[in-house]
Amino acid sequence: MRKLILASVVLAAATATPVLAQSGSTTGTVTIDGSVAPRCLFTTSNAIINAGELAQAGTGASAGKLDASKLDGQTRTLVGWCNGTASSMSVEALPVVNTTVTSAPPAGFDRVVNYTATATANTVNALDSSVVAGAGSASTVGLFTGNVTVTLSNSATPGAGLLVAGAYQGETRVTLSAAN
Amino acid sequence: MKPILAILAAGTALAVASPAMAQNTTGTVNITGSVAPKCIVVPGGDSTFTRTVALGELAGIDGKMRTDLAASFNAAAVTARVVCTTAAPTISVDADPIAAATATAVAGYDNSIDFTAHVAVTTTGGPAGPFSNDSAAVAGVDTAIGGRVANNGSDNIAITASTFRTNTIDDLLAADPVYTGKITVVIKPGT
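Calculation rules
- Residues numbered from 1 in each chain as written.
- Chains lettered and ligands numbered in written order.
- Predicted model: local features only at pLDDT ≥ 70, side-chain atom pairs only at ≥ 80, totals over all residues.
- Heavy atoms only, no water.
- Pairing = 2+ DSSP bridges.
- Helix = DSSP H or I, 4+ residues; strand = E, 2+ residues; numbered from the N terminus.
- 1 Å grid on protein atoms, 1.4 Å probe; cavity = no way out; pocket = protein on both sides within 12 Å on 5 of 7 lines; lining within 4 Å.
- Points joined across faces, edges and corners; volume = space filled by probe spheres on them.
- Nonpolar A, V, L, I, M, F, W, Y, C, P; charged D, E, K, R; others polar.
- Salt bridge = Lys/Arg side-chain N within 4 Å of Asp/Glu carboxyl O.
- Buried < 20%, exposed > 50% of the residue type's maximum accessible area, 1.4 Å probe, protein only.

S.K.: So what exactly am I meant to see when it comes to the pairing of strand β12 (residues 176–188) of chain B here?
M.R.: Consecutive side chains along a regular strand alternate between the two faces of the sheet. Note: strand β1 (residues 26–36) of chain A against β12(B), 10 bridges, orientation antiparallel. By the bridge assignment for β12(B), A:Gly28 is matched with B:Val185. The pairing of strand β5 (residues 90–100) of chain B with β12(B) spans 9 bridges and is antiparallel. Following the sheet pairing, B:Val93 is matched in β12(B) by B:Val185.

Written as structure tokens, this is what we have:
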């Protein structure tokens, strides 16, 4: 009986040897860490709308008043991107004002043209009226790269009066805010 | 005369027989042992080693993948010391892309960076490899290193990387605070 037990031990040892060989390997792991911060960038950051003569020509009742067609429908294209899923866009429309005559105009005249600016990116709109100071509400544009189109509409003067002669200048600001 | 002759003959016989009765005995102790085929990390004798390369911000100022990622990785000088008891160990390399934890890719964006990992081995016969695997390919198979790994007190495994890339060169990287990739190196004793 003892011989039988000894034989069993020898068999077990012989079986264990291949297991040791299999577990003899070594594994090295190199972990590579990194991050990408949320960002937005305009690669084409400005455009110019040269509206020309803002007042209506002719001799009719509207002559000398704002020609809304000079601003309404004007579209310019900026180009940019945001890499964060919660990125947003806001617009601030600043009125088109007479920079030559800066004093308050007499009754019946206007030296300010208000309008609404709408920016579209990633099929999302953000808009603002120049009547109200400050930027409009932000809209989430998320992750996008490509065009940001800016369109003007609803142009009007505060008193529907005659436009004071001079140079006029306004500005529409589009802000892309990165978030993830 | 005859009796004397008989006694002498007997005495001679006894004298010859004596050395045979005082013979030496020899004991033998057999010492046996074995060395299992294995590869281990030294110092320590562990079966694994772990290194981390922190590349930091992966995007450049233009939002695309930084072009100096290979230089940054290789500047980390990732090395290890592995020894094997066998003459013909094998090695396999598997590179996994550096992928965003949560960010998804959309048109114009990528959420992972592929690269090629290289593992150079110093053997007793000199340099071997590099043994490479690209993260866009399937894992490398066990390949003979080509000799015993060197046991000269210095690190004998050097890991480098190259060809970091997004799907297209113009892809922007999607923002994510966690991008993680991995290189796995398995060294086996071989046969």
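S.K.: What should I look at first to understand the layout of surface pockets in this one?
M.R.: Using a probe with the size of a water molecule, rolled over the atoms, empty space left in the structure can be pinpointed. All names here are of chain A. Taken as a whole, the largest pocket spans an internal volume of roughly 740 Å³. If you go around the largest pocket, you meet 30 residues; those closest to its centre are Ile48, Ile49, Val96, Gly170 and Glu171. With 7 residues, strand β11 (residues 168–177) is the largest single contributor of residues to the lining of the largest pocket. Looking at side-chain class alone, the lining of the largest pocket contains 18 nonpolar, 8 polar and 4 charged residues.

S.K.: Just to check I follow, could you spell out the pattern of salt bridges for this structure?
M.R.: Residues and elements named next belong to chain A. What the rule picks out here adds up to 6 salt bridges over all chains. A salt bridge links Arg173 to Glu92, with the shortest nitrogen-to-oxygen separation between them at 3.9 Å. Here Glu92 lies in strand β4 (residues 88–98) and Arg173 lies in strand β11, a separation of 81 residues in the sequence. Residue Arg173 is classed as partly exposed on the basis of its relative accessible area of 41%.

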